[in-house]
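# Chain and residue survey
Next come the chains, spelled out residue by residue.
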Amino acid sequence: MTDALDASYRFCGDLSRREAKNFYYSFLLLPPRLRRSMCALYAFLRHTDDLADEPGTIDAKRSSLLSWRSSLDRALDGDPIAWPGLPALADAVHRHGIPPKFLHAVIDGVEMDLEPRPFSTFQDLHGYCYRVASAVGLCCIHIWGYRSEGGRAERLAEACGIALQLTNILRDVREDAELGRVYLPMEDLDRFGVSPDEFKSPVPSDRLRRLLAFEGRRAYDFYGEASPLIRLVAPVGRPVLAAIVNIYRALLDEIARRDYDVLAARVALPPWRKAAITVGALTGRLARPVPRPEGLIP
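Attention in this report is confined to the structure presented alongside it. The model shown is predicted, which means the values in this text are computed figures rather than measured ones. (Residues numbered from 1 in each chain as written. Predicted model: local features only at pLDDT ≥ 70, side-chain atom pairs only at ≥ 80, totals over all residues. Heavy atoms only, no water.)

### Topic: the overall build of the protein
- Helices and strands together make up the secondary structure of the protein, namely 14 helices and zero strands.
- In sequence order, the secondary structure elements of the protein are arranged as α-α-α-α-α-α-α-α-α-α-α-α-α-α.
- Relative to a compact globule of 298 residues, whose C-alpha radius of gyration would be 19 Å, the protein shows 19 Å and is just as compact.
- For the C-alpha atoms alone, the extent of the protein along its principal axes is close to 60 × 45 × 40 Å.
- For the protein, the proportion of contacts with a sequence separation of at least 24, taken over those separated by at least 6, is 74%. (Helix = DSSP H or I, 4+ residues; strand = E, 2+ residues; numbered from the N terminus. Rg over C-alpha atoms; globule rule 2.2 N^0.38 Å. Contact = heavy atoms within 4.5 Å.)

### Notes on the nonpolar core
- Counting residues in each nonpolar core, the largest one holds 107 residues, and the members touching the most others are F44, L125, W144 and F199.
- The dominant element in this core, judged by the number of residues it contributes, is helix 13 (residues 238-257), at 13 residues. (Core = buried A, V, L, I, M, F, W, Y, C linked by side-chain atoms within 4.5 Å. Buried < 20%, exposed > 50% of the residue type's maximum accessible area, 1.4 Å probe, protein only.)

### Focus: the side chain of H126
- When you line up the elements, H126 lands in helix 7 (residues 122-144).
- Among the residues examined, H126 registers a relative accessible area of 15% and is labelled buried.
- Other than its neighbours up to four places away in sequence, H126 contacts E158, I162 and F222.

### Describing the packing of aromatic side chains
- One pass over the full model with this rule turns up eight aromatic pairs.
- Ring geometry for F119 versus Y183: centroids 6.2 Å apart, planes at 25°, classification stacked. Of the two residues, F119 is situated in the loop between helix 6 (100-112) and helix 7 and Y183 in the loop between helix 9 (173-178) and helix 10 (186-192); the sequence distance between them amounts to 64 residues.
- A relative accessible area of 9% means that F119 is categorised as buried.
- Relative to F214, the ring of F192 lies with its centre 5.5 Å away and its plane at 50°, an arrangement referred to as tilted. Of this pair, F192 sits in helix 10 while F214 is found in helix 11 (residues 206-226), placing the two residues 22 residues apart along the sequence. (Phe/Tyr/Trp six-rings, centres within 6.5 Å; stacked < 30°, edge-to-face > 60°.)

### Concerning the packing of helix 1 (residues 3-19) against helix 3 (residues 32-53)
- In the contact formed by helix 1 and helix 3, the axes pass within 8 Å of each other and the chain directions differ by 70°. By the angle between their axes, helix 1 is roughly perpendicular relative to helix 3. Of the two elements, helix 1 crosses helix 3, and the hand of that crossing is left-handed. Residues Y9, C12, G13, L15, S16 and E19 of helix 1 form the contact with helix 3, whose participating residues are R36, S37, C39, A40, Y42, A43 and R46.
- Here the contact of helix 1 with helix 3 is composed, by residue class, of seven nonpolar, three polar and three charged. (Axes fitted to C-alpha atoms, helices over the stretch in contact; angles between N-to-C directions. Parallel < 35°, antiparallel > 145°, perpendicular 65-115°, else oblique. Left-handed = near helix turned anticlockwise from the far one by under 90°. Nonpolar A, V, L, I, M, F, W, Y, C, P; charged D, E, K, R; others polar.)

### Quick look at helix 6
- Given a rise of 1.5 Å per residue, 13 residues ought to cover 18 Å, and the 19 Å separating the end C-alpha atoms of helix 6 matches this to within 8%.
- Among the residues of helix 6, F102, L103, H104, A105, V106, I107, G109 and V110 are the ones counted as buried. (Expected span 1.5 Å × (residues − 1).)

### Comments concerning the packing of helix 3 against helix 7
- Where helix 3 meets helix 7, the axes come as close as 10 Å, and the angle between the chain directions of the two elements is 160°. With respect to their mutual orientation, helix 3 and helix 7 come out roughly antiparallel. With respect to the hand of their crossing, helix 3 and helix 7 are arranged in right-handed fashion. For the pair helix 3 and helix 7, the contacting residues are L34, S37, M38, L41 and L45 in the first and V136, C139, C140, I143 and W144 in the second.

### Considerations on the pattern of salt bridges
- Under the criterion given, the structure shown has 20 salt bridges.
- Salt-bridge contacts for R69 lead to E111; the nearest nitrogen and oxygen are separated by 3.2 Å. Here R69, found in helix 4 (residues 58-76), pairs with E111, found in helix 6; they are 42 residues apart in sequence, far enough to count as distant.
- Assessed through its relative accessible area of 16%, R69 is described here as buried.
- E175 is the salt-bridge partner of R266, the closest N and O atoms lying 3.4 Å from each other. Separated by 91 residues along the polypeptide, R266 in the loop between helix 13 and helix 14 (271-280) and E175 in helix 9 bring together distant segments of the chain. (Salt bridge = Lys/Arg side-chain N within 4 Å of Asp/Glu carboxyl O.)

As structure tokens, then:
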């Protein structure tokens, strides 16, 4: 490894330690060579998000993302690049055979957030979740190594990403609403008689709880659908997959335990619990979810 490439990997590692939070715990379960690749991937994701969150007009952000997309392509072609994390990312992409289309899908998803529009149906939301979460998981299984079984592993990784993103959406529903973003499908709001303004309330109504419980049940179903993925991932990657899934599913369990009251305060797991889940993931098992509050589902 050249000095420049080593410096790029160090940059990505430092950024991941500062910013990755839920994910960095799981990276520690990997051998150094794979941990470096995961940090390079995370650094790319973090920088992509930051370009969309920086101050400025929507047109300026869109231009930044267009330039970033071009920088990604040039880096993958071996051209010199300014952003210090791209050499490491390009090396990881080539080393693990990551299809660049997944990285472009992530940029597509971030662009969708520049001018958020309501999702009419769950199928519409699914497409968004695929771009911002499933595409990431598909990158990850290339880093860890996996057995495709005719595309089954890829389909399971897609389902896993949907589960994780639905958990994020449920956790952040009030915060997103205050930013003018409502991710839950309008067909579901209509079904339960919920107005988008209700997400800004400090106390959820019964109908809002029923809506959130419905979406929570949907997330649990995706976790269940994705559970066979653990056996298709190479043994070295199983603990990190288990840690990521178990941390997020524990977050969903906590949301369910609070009877889907996600408006009063942001639901989070304490660091000790995330650390304990990470240690437990060394068994390579996916935790079983706690029972869902079925009584809230019509």
